[in-house]
Structure formats: structure tokens, C-alpha cells
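Listed below are the residues making up each chain.
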Amino acid sequence: MSTTKTPPRSAKRPPALQNSRWRWAGFIAIPLTLAILVGVSTASETEDTGPEEAIQFELPTTDGNTVALNETLAEGDTLLYFSMGVGCDGCFAQIPEIEAALAERGLNLLSIMVDPAPLVAAEATRFGIETPILIDSGAQVSRDYGMIGVYGHADRPSHSFALVHQDGTIGWVRHYAEMFVPADALLAELDATLES
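Here is a short report on the structure shown in this document. These numbers come from a predicted model, not from an experiment.

### Points about the nonpolar core
When a protein is soluble and globular, its nonpolar side chains tend to lie buried together. One finds L79, L102, F161, W172 and L190 to be the most contacted residues of the largest nonpolar core, which totals 26 residues. At the level of elements, β3 (78–83), α3 (89–104), β4 (108–113), α4 (117–126), β6 (159–164) and α6 (183–195) are the ones that each hand at least two residues to this core. It is α3 that provides the largest number of residues to this core, a total of 6 residues. Ignoring anything within four residues of it in the chain, the contact list for F161 reads L79, L80, Y81, Q94, I98, M147, W172, V173, R174, Y176 and L186. Among the nonpolar cores identified, the runner-up in size contains 17 residues, and F57, L80, V164 and I170 belong to it.

Below is the structure:
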């Protein structure tokens, strides 16, 4: 009858085994740390300078008219809202969520989507949106403002804003990973920008 003694749990492991485990921990820790740093850096890179001067445009709207940026700027500072559009309920819900509060601050809102006007108009009706939405069918304006390719969307904006001052300068650009931003959070950022 063979009796094999198992060492007690408190017994130290051989130095070779301990060194081996530390080596593996080192191999894993370095890439893991790099991945975390890249992730944090990517997550925090939501502000963008974009163009310093507003690029003028004129776009058709869901109600069959056209809107020119320079005409809107004549009335005051304007917030451009570029969104994913049809298929994103949060993108449409965002408009009535912030529209009245922006008006109280003397800010115009121009919502811009790349989908066909009839589809956008139908969704706007579903969400009770009465303000016309601008249609950037070729996505050229979205490209000009650096809104394409953010958060994995290669052909359309994600959920981004650009504040254009009345003098045509761009004061603030913000890309959000989420498809709906609570009004108080967005307005707090805008207020901080307008106060600075």
C-alpha cells in the first residue's frame, strides 16, 4: 500500500513555479494596462475641435423648404445636431427634449439627418416633432463638420453637436457614444461653454 503525502497548503511553492507565475502575470498585465489606457483615452475623446469656422450650407427640410445656416445665424447662435436618424428612436426623442430649453437660452436648433425626407418626416410625426429637420442626403455637410465615422458609423453621424456662434465661429463640438443625452447633462455642458 503506497502512501503519498500531500504537502500542506501553507507549504511554499518551488521558486521556479513562483517565478513562472509572476512572469505570466507580467505578460498579461502589460497588454491589459495598455488596453485600459486606450479605452479610457477613447472614451474621453468625445470633444473635438472640428472646423474653427462654420462651413456654410443650405439644405432641404422635411417640410419641403430649405434652410441656410447663414440665415439662421442672423437670428443668433445655433446648435447643429447631427444624428443617426431613422432607426434610432433616441435620436428623434432628443429634439423635443432640448428644443424648448435651447430657445429659452436664445439658441436656434438645426437637426440634420441623412435619410430620405419622407422617412425622416414620418418618424418626426411619430415623436410629435413639428420643427423641420434638415436632410443631408449626400452626407456632405456631415462630412464637412467631421461627423462621419464617429463611434463606428461609416455612412452617417452618430449623436453629435456643434455650437456655431453668430459670428460664424464654432465654439464647441461634442460626440456622444449614447444615442440620447438627458437635457440637463447637455445643457450643463452648453452653459459652461457659453459662460467661458
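### So, α3
Note that an α-helix has 3.6 residues per turn; residues three or four places apart therefore point the same way. I98 marks the point of greatest bend in α3, at about 35°. Residues of α3 that are buried include every one of C91, F92, Q94, I95, I98, A101 and L102, and no others. Each element contacted by the buried residues of α3 is listed here: β3, β4, α4, β6 and α6. G106, located one to two residues past α3, shows a positive phi value of around 75°.

### Focus on the state of the cysteines
Considering all chains together, one arrives at 1 disulfide under this definition. Across the disulfide from C88 sits C91; the S-S distance is 2.3 Å. Sign of the S-S torsion, about 80° for the bond between C88 and C91, identifies this disulfide as right-handed. In this structure C88 comes out as buried when scored by relative accessible area, which is 5%.

### Looking at the side chain of N108
Examined against the element boundaries, N108 turns out to sit in strand β4. Accessibility expressed as a relative area gives 17% for N108, which makes it buried. A distance of 3.3 Å separates a polar atom in the side chain of N108 from a polar atom in the side chain of T78. For N108, the contacting residues outside a window of four places in its chain are T72, E75, G76, D77, T78 and L79.

Reading the values: the criteria
- Residues numbered from 1 in each chain as written.
- Predicted model: local features only at pLDDT ≥ 70, side-chain atom pairs only at ≥ 80, totals over all residues.
- Heavy atoms only, no water.
- Core = buried A, V, L, I, M, F, W, Y, C linked by side-chain atoms within 4.5 Å.
- Buried < 20%, exposed > 50% of the residue type's maximum accessible area, 1.4 Å probe, protein only.
- Helix = DSSP H or I, 4+ residues; strand = E, 2+ residues; numbered from the N terminus.
- Contact = heavy atoms within 4.5 Å.
- Bend = angle between axes of the 7 residues up to and from the residue.
- Disulfide = S-S within 2.5 Å.
- Polar contact = N/O pair within 3.5 Å; in protein donor to acceptor, adjacent residues only side chain to side chain.

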